[in-house]
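Geometric and topological summary
Chain by chain, the residues:
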Amino acid sequence: MIWYPYAQMKTLDPPIKLSHAKGVHLYTEDGLDLIDSVSSWWSVIHGYNHPEMNAAISGQLEKFAHVMLGGITHEPVQRLSAKLEEWLPADLNYCFFSDSGSVAVEVALKMALQFNTNRGSKRDTVLALEHAYHGDTFKAMEVGDDEDYHFAFGSSNEKKKGVIHIPTELPALEKAFADYGERLTCFIVEPLLQGAGGMRMYDVSFLKRARQLCDEYDVLLIFDEVATGFGRTGNRFVADLVTPDILVLGKALTGGYIGHAVTVANTRVWEGFYSDDPTHALMHGPTFMGNALACCAALKSIELFEKGDYMAKIHRIEEITRREMEGFSDPRVKEVRIMGGCVCIEVYNGADIEGFRRFARERGVFSRTFLKYMYAMVPYVIEEWELVKILSVMKEWFAR
Ligand SMILES: Cc1ncc(COP(=O)(O)O)c(C=O)c1O
């Protein structure tokens, strides 16, 4: 029996059964052709079954699929690490690979906590955002702040021990540092766009001030760009605008082909571990870290991103989305939010979008609304007519 994600198995709507996929189209066994508005949880940026991605992986498969990084290294992981070093801003140069975004977040938090213990500091508190989502493992849940995901694991007060959550507002930010600055190990954020917490968008001025305060109070700034990285906000990385000390990437890192993620540290963090003292080492090592197929997928994905001028594609997606959503309103709609390759229609009452998934499917679109949020985060290779169709189906739902 398959146990499906985020679902009460007793009442689960049967999932659609895929036979194959190509570009932005999902083809089901019972003959449906669905335009994918979700990019497989925001990761499949080049679309499905991409010939160059396929070739990159099958080429490596003929050499070897996987080897552990404990005591062994190989060319794909070395090339990926060198590429990220060159491609990422500032001195974000030290790559710790892992198999999923949640694990990469765990590693980032571990790095920040141990960075402090290695230097003999007694700091014990993490600053995070309200409505944050950083993954489903335990520490990631602690810095997350969305009861919709964590309701089974105790009240928010219990959960918040050692973690302070603030809204994305400057006065709250100033107050948190004034009150707790000396106790903070790190400040972790989904920069500019909070995804699973409700596609909430906020201004870069908040991050700029956060950077200043982190410097002033000697606190590490962590950007969880698992969702926002690789162009989703209309910036290549938000880290291009404000530099964090630790950057977490996942999802689109491999073009959505294979689960892989990376926690990238700057020189200062690296040096906090680099020592003759064995107890200062980072004691973490996922079995599949640096998987060779994943590294080849990531290298090809970055090459396609650069060669295909993906930032222009993303800006075009944003332009079309703004044009199509202009003038759209409905009394049930609280807000329409658009940023880069993300559009979200938030309703006042989640019941008002119940049934939309089926409605969309009947019109040739795969959607995954959740709670009060109807959204699209499309593969960047989408054609204009395909994007317009997704947006039209979203608007049509309210026009019924
Ligand atoms: C911002 C953010 N961080 C971490 C994660 C967890 O990534 P994964 O599902 O690969 O564990 C997600 C997943 O949606 C995410 O959006």
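Quick caveat: nothing in here was measured; it's all calculated off a predicted structure. Every chain's residues receive numbers from 1 upward, in the order its sequence appears when written. Confidence filtering applies because this is a predicted model: local features only for residues at pLDDT of at least 70, side-chain atom pairs given and counted only at 80 or more, and all residues used for totals across whole chains, interfaces and linings. Processing note: side-chain calculations cover all non-hydrogen atoms of the structure and skip hydrogens and water entirely.

So, the overall build of the chain
Runs of E in the DSSP output that reach at least two residues are strands. Runs of H or I that reach at least four are helices, and both are numbered from the N terminus. Each helix and strand in the chain was counted, giving 14 helices and 16 strands. Relative to a compact globule of 400 residues, whose C-alpha radius of gyration would be 21 Å, the chain shows 21 Å and is just as compact. Overall size of the chain, expressed as C-alpha extent along the three principal axes, is 65 × 55 × 45 Å. Burial classes follow relative accessibility: with a 1.4 Å probe on protein chains only, a residue under 20% of its type's maximum area counts as buried, one over 50% as exposed, and anything between as partly exposed. The burial tally for the chain puts 54% of its 400 residues in the buried class. Here, residues are in contact when the closest pair of their heavy atoms is within 4.5 Å. Within the chain, counting contacts between residues at least 6 apart in sequence, those at least 24 apart form 71% of the total. The protein chains shown are the only cover counted for residues, whose accessible areas, like all others here, come from Shrake-Rupley with a 1.4 Å probe. Total accessible area on the chain stands at roughly 17700 Å², and carbon and sulfur atoms take up 53% of it. As used throughout, the charge tally considers Lys and Arg to be positive and Asp and Glu to be negative, leaving His and the chain termini uncounted. By convention, charge coordinates are those of NZ in Lys, CZ in Arg, CG in Asp, or CD in Glu. Of the charged side chains in the chain, 42 are positive and 55 negative; the average position of the first set lies 3 Å away from that of the second. The globule rule used here is 2.2 Å times the number of residues to the 0.38 power, and the radius of gyration it is set against is calculated over C-alpha atoms.

Some remarks on the domain arrangement of the chain
Domain start and stop positions are those given by an automatic or database domain assignment. Domains assigned within the chain are domain 1 (18–49 + 309–399) and domain 2 (53–307). The gap between the C-alpha centroids of domain 1 and domain 2 is 27 Å. Taken residue by residue, the interface counts 29 residues in domain 1 and 32 residues in domain 2. Summed over both partners, buried area is the accessible surface (1.4 Å probe) that two parts give up on being assembled. It is Trp-42, His-46 and Met-339 in domain 1 that bury the most area against domain 2; as a group they hold 27% of the surface buried on that side. By salt bridge we mean one thing: a side-chain nitrogen of Lys or Arg within 4 Å of a carboxyl oxygen of Asp or Glu. Between domain 1 and domain 2 we count zero salt bridges in total. The set of elements that each furnish at least two residues to the side of domain 1 that touches domain 2 consists of helix H1 (39–42), helix H12 (310–325), strand S13 (333–339), strand S14 (342–347) and strand S16 (373–376). Under the scheme applied here, ten amino acids are nonpolar (Ala, Val, Leu, Ile, Met, Phe, Trp, Tyr, Cys and Pro), four are charged (Asp, Glu, Lys and Arg), and all others, including Gly, are polar. A per-class count over the side of domain 1 that touches domain 2 returns 19 nonpolar, eight polar and two charged.

Brief notes about the pairing of strand S11 (residues 246–249)
Of the two faces of S11, the one holding Ile-246 and Val-248 and the one holding Leu-247 and Leu-249 are both buried throughout. Here three bridges tie strand S10 (residues 220–224) to S11, and the two strands are oriented parallel to one another. For Ile-222, the partnering residue across the bridge sits in S11 and is Ile-246. Looking at chain direction, S11 and strand S12 (residues 261–265) are connected through four bridges and run antiparallel. The partner of Ile-246 across the bridge, within S12, is Ala-265. Pairing between two strands requires that DSSP report at least two bridges joining them.

A look at the nonpolar core
To form a nonpolar core, buried Ala, Val, Leu, Ile, Met, Phe, Trp, Tyr and Cys residues must be joined to one another through side-chain atoms within 4.5 Å. Membership of the largest hydrophobic core comes to 124 residues, with the highest contact counts inside it found for Ile-166, Phe-187 and Phe-230. Ranked by residue count, the leading element in this core is helix H4 (residues 101–118), at nine residues. Residue contributions to this core reach at least three from each of two domains, namely domain 1 (18–49 + 309–399) and domain 2 (53–307). Ile-166 has contacts with Leu-127, Ala-128, Leu-129, Glu-130, Ala-172, Leu-173, Ala-176, Phe-187 and Phe-206, leaving out every residue within four places of it along the chain. Grouped together as the second largest cluster of nonpolar side chains are five residues, Ala-21, Leu-26, Val-44 and Tyr-48 included.

Observations concerning the sheet that holds S14
Taken in spatial order, the three strands of this open sheet run S13-S14-S16, and their pairing is antiparallel. Since the sheet does not close on itself, it has two edges, and those belong to S13 and S16, each with one partner. Within this sheet the neighbouring strands show an average axis-to-axis angle of 10 degrees, counted without direction. Axis angles are defined between N-to-C directions and span 0 to 180 degrees, where every axis is a line fitted to C-alpha atoms and, for a helix, only to the segment in contact. Relative to the sheet, H12 contacts S13 and S14, its axis offset from that of S13 by approximately 155 degrees. Along the sheet, helix H14 (residues 384–399) contacts S13, S14 and S16; its crossing angle with S16, the most-contacted strand, is approximately 160 degrees.

So, H4
The span you would expect from a helix comes to 1.5 Å times its residue count less one. Over its 18 residues, H4 runs 25 Å from end to end, which matches the ideal 26 Å to within 8%, given 1.5 Å per residue. Within H4, 15 of the 18 residues are buried, which leaves it mostly tucked inside the rest of the structure. Just downstream of H4, Gly-120 is the residue with a positive phi angle, here 80 degrees.

Comments concerning the pairing of S16
Neither face of S16 is open: one carries Tyr-373 and Tyr-375, the other Met-374 and Ala-376, and all of them are buried. Relative to S16, S14 runs antiparallel, the two sharing four bridges. Within S16, the position partnered with Glu-346 by the bridge is Tyr-373.

Quick word on the packing of aromatic side chains
Aromatic contacts are taken between Phe, Tyr and Trp rings whose centres are within 6.5 Å, Trp giving its six-membered ring; a plane angle under 30 degrees counts as stacked, one over 60 as edge-to-face, and the others as tilted. The tally for this structure, following the rule as stated, stands at 21 aromatic pairs. Their ring planes at 20 degrees and their centres at 4.4 Å tell us that Tyr-94 and Trp-270 sit as a pair that is stacked. Residue Tyr-94 is located in strand S4 (residues 94–98), and its partner Trp-270 is located in helix H10 (residues 267–273); the two are separated by 176 residues in the primary sequence. Note on geometry: a ring has a charge over it if NZ (lysine) or CZ (arginine) is within 6 Å of the ring centre and within 35 degrees of the ring normal. Here Arg-236 stacks its cationic end above the ring of Trp-87, 4.8 Å away from the centre of that ring. Taking NZ or CZ as reference, Arg-400 lies 5.7 Å from the ring centre of Phe-359, over its face.

Observations regarding the packing of helix H3 (residues 75–87) against helix H11 (residues 292–307)
Packed helix pairs are characterised by how far apart their axes lie and by the angle those axes make with each other. At their nearest, the axes of H3 and H11 sit 8 Å apart, and the two run at 35 degrees to each other. As for the relative orientation of H3 and H11, their crossing is left-handed in sense. In this structure, H3 contributes Pro-76, Val-77, Arg-79, Leu-80, Lys-83, Leu-84 and Trp-87 to the contact, and H11 contributes Ala-292, Cys-295, Cys-296, Ala-298, Leu-299, Ile-302, Phe-305 and Glu-306. Each residue belonging to the contact of H3 with H11 can be placed in one class, and the counts come to 12 nonpolar, no polar and three charged. Crossings are sorted by hand: turned counterclockwise from the far helix by less than a right angle, the near helix makes the crossing left-handed, and turned clockwise it makes it right-handed.

Quick notes on helix H2 (residues 51–61)
Because each turn of an α-helix spans 3.6 residues, side chains separated by three or four positions end up pointing in the same direction. Burial in H2 covers these residues: Met-53, Ala-56, Ile-57 and Gln-60. Buried residues of H2 fall within an arc of 90 degrees about the axis and therefore sit on the same side. Structurally, H2 contributes buried residues whose contacts are with H3 and H11. Directions drawn from the helix axis to the C-beta atoms are what define this arc.

Regarding the sheet that holds S10
Within a beta sheet, neighbouring strands are joined by backbone hydrogen bonds and run either parallel or antiparallel to one another. With mixed pairing, the seven strands of this open sheet are ordered in space as S4-S12-S11-S10-S7-S5-S6. If you trace the sheet from one side to the other, it starts and ends with S4 and strand S6 (163–166), each paired once. Averaged over neighbouring strand pairs, the angle between their axes works out to 20 degrees when direction is ignored. Across four bridges, strand S5 (residues 125–129) lies against S6 in parallel orientation. What sits directly across from Leu-129, in S6, is Ile-166. Against the sheet, H3 touches S4 and S12, its axis set at about 130 degrees to S4.

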